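Chain by chain, the residues:
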Amino acid sequence: MKSATPKVLHEICGRSLVGHVLAASRELSPERLVAVVGHESERVRAHLAAIDPEVLTAYQAEQNGTGHAVRMGLEELGGGAGSSEGPDGTVVVVCGDTPLLTGATLARLADTHTADGNAVTVLTAEVPDATGYGRIIRDASGAVTAIVEHKDATDAQRAVREINSGVFAFDGRLLADALGKVRTDNSQGEEYLTDVLGILREAGHRVGACVAGDHREIAGINNRVQLADARRVLNDRLLTEAMLAGVTVVDPASTWIDATVTVERDAVVHPGTQLQGSTHLGEGCEVGPNTRLRDTRVGAGARVDNTVANGAEVGEQANVGPYAYLRPGTRLGVKAKAGTYVEMKNATIGAGTKVPHLSYVGDATIGEQSNIGAASVFVNYDGEAKHHTTVGSHCKTGSDNMFVAPVTIGDGAYTAAGSVITKDVPAGSLAVARGQQRNIEGWVARKRPGSAAAKAAEAAASGAAEGAGKPVGES
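Throughout this document, residue positions are counted from 1 along each chain, in the order its sequence is written. In keeping with the predicted nature of the model, local features appear solely for residues at pLDDT of at least 70, side-chain atom pairs appear and are counted solely at 80 or more, and the whole-chain, interface and lining totals rest on all residues. Hydrogens and water are ignored here; the side-chain numbers use all heavy atoms of the structure.

### Describing the overall build of the protein chain
Convention followed: The numbering of helices and of strands both runs from the N terminus, where a helix is a DSSP run of H or I of at least 4 residues and a strand a run of E of at least 2. This radius of gyration counts C-alpha atoms alone. The globule rule is 2.2 Å times how many residues there are, raised to the power 0.38. The cut-offs for exposure are 20% and 50% of the maximum accessible area for each residue type, with area from a 1.4 Å probe on protein chains only; residues under the lower value are buried, those over the upper are exposed, and the others partly exposed. Here the open area of atoms and residues is found with the Shrake-Rupley method and a 1.4 Å probe, where only the protein chains shown may cover a residue.
From N to C terminus, the protein chain includes 10 helices and 38 strands. For 475 residues, the compact-globule estimate of 2.2 N^0.38 gives 23 Å, and the protein chain exceeds it by more than 25% at 34 Å. Scored against the burial criterion, the 475 residues of the protein chain give a buried share of 44%. Here the protein chain displays about 23100 Å² of accessible surface, and carbon together with sulfur accounts for 49% of that area.

### Description of empty space enclosed by the protein
Condition: Residues are called lining when one of their atoms sits within 4 Å of a cavity or pocket point, these points coming from a 1 Å grid over the protein atoms alone, where a cavity is a set in which a 1.4 Å probe fits but cannot get out and a pocket is an open set with protein on both sides within 12 Å along at least five of seven lines. Grid points are joined across faces, edges and corners, and a volume is the space filled by probe spheres set on the points. All residues other than Ala, Val, Leu, Ile, Met, Phe, Trp, Tyr, Cys, Pro, Asp, Glu, Lys and Arg, Gly among them, are scored as polar; the first ten of these are nonpolar and the last four charged.
Within this structure, the stated rule accounts for one cavity of 30 Å³ or more. Put simply, the largest cavity is a space of about 30 Å³. Taken together, the residues that form the lining of the largest cavity break down as eight nonpolar, no polar and no charged.

### Thoughts on a nonpolar patch on the surface
Filter applied, for reference: Every patch collects residues that have over 30% relative accessible area and no salt bridge, joining them within 9 Å if they carry like charges and within 5 Å if they are nonpolar side chains (Val, Leu, Ile, Met, Phe, Trp, Tyr). What makes a salt bridge here is a side-chain nitrogen of Lys or Arg within 4 Å of a carboxyl oxygen of Asp or Glu, nothing more.
A surface patch of nonpolar side chains, about 360 Å² in accessible area, is lined by Tyr323, Tyr341 and Leu358. Inspection of the secondary structure puts Leu358 in the loop between β28 (354-357) and β29 (360-366).

### Regarding helix α4 (residues 103-116)
Stated precisely, the cut-off is as follows: The span expected for a helix works out to 1.5 Å for each residue beyond the first. Only heavy atoms matter for contacts: two residues are in contact if any of them lie within 4.5 Å across the pair.
Between its terminal C-alpha atoms α4 stretches 20 Å, which fits the 20 Å expected from 14 residues at 1.5 Å a residue. When α4 is considered as a whole, its buried residues turn out to be Gly103, Thr105, Leu106, Leu109, Ala110, Thr112 and His113. Looking at the buried side of α4, the elements it contacts are α1 (17-26), β5 (90-93), β6 (120-126), β9 (162-171) and β10 (207-211). Following α4 by one or two positions, Gly117 has its phi on the positive side, about 65 degrees.

### Quick look at the pattern of salt bridges
By the definition in use, this model includes 16 salt bridges. Of the charged contacts, one joins Arg327 and Glu343 as a salt bridge, the two residues approaching to 2.8 Å between their closest N and O atoms. With Arg327 in the loop between β24 (324-326) and β25 (331-332) and Glu343 in strand β27 (residues 343-349), this residue pair connects regions lying 16 residues apart in the sequence. Exposure remark for Arg327: the relative accessible area of 23% places this residue in the partly exposed category. Taking the relative accessible area as the measure of exposure, Glu343 reaches 25% and is therefore partly exposed.

### Quick look at the environment of Asp52
Take Asp52: it is sitting in the loop between α2 (41-51) and β4 (56-59). A C-alpha to C-alpha distance of 22 Å links Asp52 and Phe168, two positions 116 residues apart in sequence. Here Asp52 is in contact with Leu22, Arg26 and Leu33, once residues within four sequence places are set aside.

### Examining the packing of aromatic side chains
Short version of the rule: Pairing of aromatic side chains requires ring centres within 6.5 Å, counting the rings of Phe and Tyr and the six-membered ring of Trp. Pairs whose planes differ by under 30 degrees are stacked, by over 60 edge-to-face, and all others tilted. A ring is considered to have a charge above it if a Lys NZ or an Arg CZ atom is located within 6 Å of its centre and within 35 degrees of its normal.
One pass over the structure, following the stated rule, counts three aromatic pairs. When the centroid spacing of 4.9 Å and the interplanar angle of 40 degrees are considered together, the rings of Phe378 and Phe403 count as tilted. On the criterion of sequence distance, the pair formed by Phe378 in strand β31 (residues 377-379) and Phe403 in strand β34 (residues 402-404) is long-range, its members being 25 residues apart. Neither Phe378 nor Phe403 differs from the other in exposure class; each is buried. Across the ring face of Trp256, the terminal group of Arg232 is positioned such that the distance to the ring centre comes to 4.3 Å. When the ring centre of Tyr381 is taken as reference, the NZ or CZ atom of Lys386 above it lies at 5.6 Å.

### Describing the packing of helix α3 (residues 66-77) against helix α6 (residues 172-179)
Let me state the cut-off plainly: Orientation is described by lines fitted to C-alpha atoms, with helices fitted over the stretch in contact, and by angles between N-to-C directions that extend from 0 to 180 degrees. Oblique is the label for every angle not falling under 35 degrees (roughly parallel), over 145 degrees (roughly antiparallel), or within 65 to 115 degrees (roughly perpendicular). By convention, the crossing between two helices is left-handed when the near helix turns anticlockwise from the far helix through less than a right angle, and right-handed when the turn is clockwise.
α6 packs onto α3 with a crossing angle of 125 degrees between their chain directions and a minimal axis gap of 10 Å. One finds that α3 runs oblique with respect to α6. As for how α3 packs across α6, the hand of that crossing is left-handed. Residues Gly67, Val70, Arg71 and Leu74 of α3 pack against Leu175, Ala176 and Leu179 of α6. For the contact of α3 with α6, the residue count by class is five nonpolar, one polar and one charged.

### Overview of the environment of Ala203
Looking at the secondary structure, you find Ala203 in the loop between α7 (195-202) and β10. Take Ala203: its relative accessible area is 52%, and that puts it in the exposed class.

### Focus on the nonpolar core
Quick note on the threshold: Take the buried residues of types Ala, Val, Leu, Ile, Met, Phe, Trp, Tyr and Cys, join any two whose side-chain atoms come within 4.5 Å, and each joined set is a nonpolar core.
Of all hydrophobic cores here, the largest spans 56 residues; its most connected members are Leu281, Leu326, Leu332, Met344 and Val361. It is helix α8 (residues 224-244) that contributes the most residues to this core, seven residues altogether. Residues within four places of Leu281 in sequence aside, it is in contact with Thr262, Val263, Glu264, Ala267, Val269, Leu275, Val287, Leu293 and Val298. The next biggest cluster of nonpolar side chains, apart from the first, holds 24 residues, and it includes Val93, Val122, Ala176 and Val182.

### A word on unusual backbone geometry
Between Gly321 and Pro322 the backbone carries a cis peptide bond, its omega angle lying at 5 degrees. As for its position among the elements, Pro322 is in the loop between β23 (319-320) and β24. The amide bond that connects Ala405 to the next residue, Pro406, takes the cis arrangement and shows omega of 0 degrees. Of note, Pro406 is situated in the loop between β34 and β35 (407-409). Positioned with a positive phi, Gln317 is a non-glycine residue whose angle comes to about 60 degrees. Residue position: Gln317 is located in the loop between β22 (313-314) and β23. Overall, Gln317 belongs to the partly exposed group, its relative accessible area being 46%.

### Observations concerning α3
Residues that lie three or four places apart on an α-helix share one face, since the helix turns once every 3.6 residues. In a regular helix each residue adds 1.5 Å, so 12 residues correspond to 16 Å; α3 covers 17 Å between its end C-alpha atoms and thus fits that length. Burial analysis of α3 places nine of its 12 residues in the buried class, which makes it a mostly covered element. Those residues of α3 not exposed but buried are Gly67, His68, Ala69, Val70, Arg71, Met72, Gly73, Leu74 and Leu77. On the buried face of α3, the contacting elements are β3 (34-37), β4, β5 and α6. Within two residues after α3, Gly78 carries a phi angle of roughly 95 degrees, on the positive side.

Take a look at the structure:
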């Protein structure tokens, strides 16, 4: 990956690569789930603990191959290589860098394994280009006889397009015993998990295969190009699921959605929209275009246009944007409005209240059916700490107001345009906090003689004098 970040921690569609694999694995309801970690193990362990606290981890100090990794995993389960005390039941082995693998495919693999009475069942796929993958070798009857790694394959074997996915279902006890017999006499000098198939077959056990319906599911990620390709495939899958569930996605090519996002029917998503994290879109809401929502809930029938929101809640039938920014802790009530060039942070806005234009509302509570005038600022920071402003219900505040927190505006109060409010305003009062206007006549002619402004003022004065000398009614 050419990155400081471990490969399995790279993200697509709201989850790390290993996070997608864990989510698919959890759909099998396993008794125990073990992740084998090696490179950057502490970082990977911390991530696993954050996203799935119940997952066990096994440490592979030296990366000596896939067979060695599985041996480490079995030891965590209490059954080491060559042990007859391997785990009872089915052991499913998956790779941590296959984010497109689905729980449905894993379930079909496990069901096939049990139904056919196999010692091992390998998930395979037919791919257009098998370069780099282990080939599935079958006999004349179609039974799997071996998996040959690309570097060890003959030219005839490399012509095979059915490949090993690296995903297996094993009989737990047979797996533990066979791993003790795996050798390292191959081009890599490693323990290949795939050698277990030959060992079990030679011992007279049944080896089977389950072919994946879509070869893209088994794709491993080894570079940024493959990462982007997988992101596109997964995004298309998620959008297709949403559309089939009754969501309108106007332009899927420009719309991105995380696996953790939920959307109700009749929601409309316009082009250029990104839905991330735990975002939820309510029934019949409309989002976009050019909108990014993270961990944000949008109520039924709400409209969010050209907006960035993070950790916000938009009430039913509320209206946001265009060009609004809702930061964490923002809560808009039913039919509330955060309009054009409005930024909000840690603000609770009551039902029907409107903040229509060019304003910042931070650390504030505003009641119901109030109106905040254009170009208003809730001055919440004194250089050391944040302070709270409270505006009551049915208030009307003038344009270009500064509310210097902490301050409270009572229910039904008004504030005059251009006011700097530093004291509480009683309910039903009008607050005026601005200097008296003073006009200095003739200032332009004296201070800017000959300027365009001076000539315009002179012309205006001449016109007024000429008009004053005419009889009433004459024009």
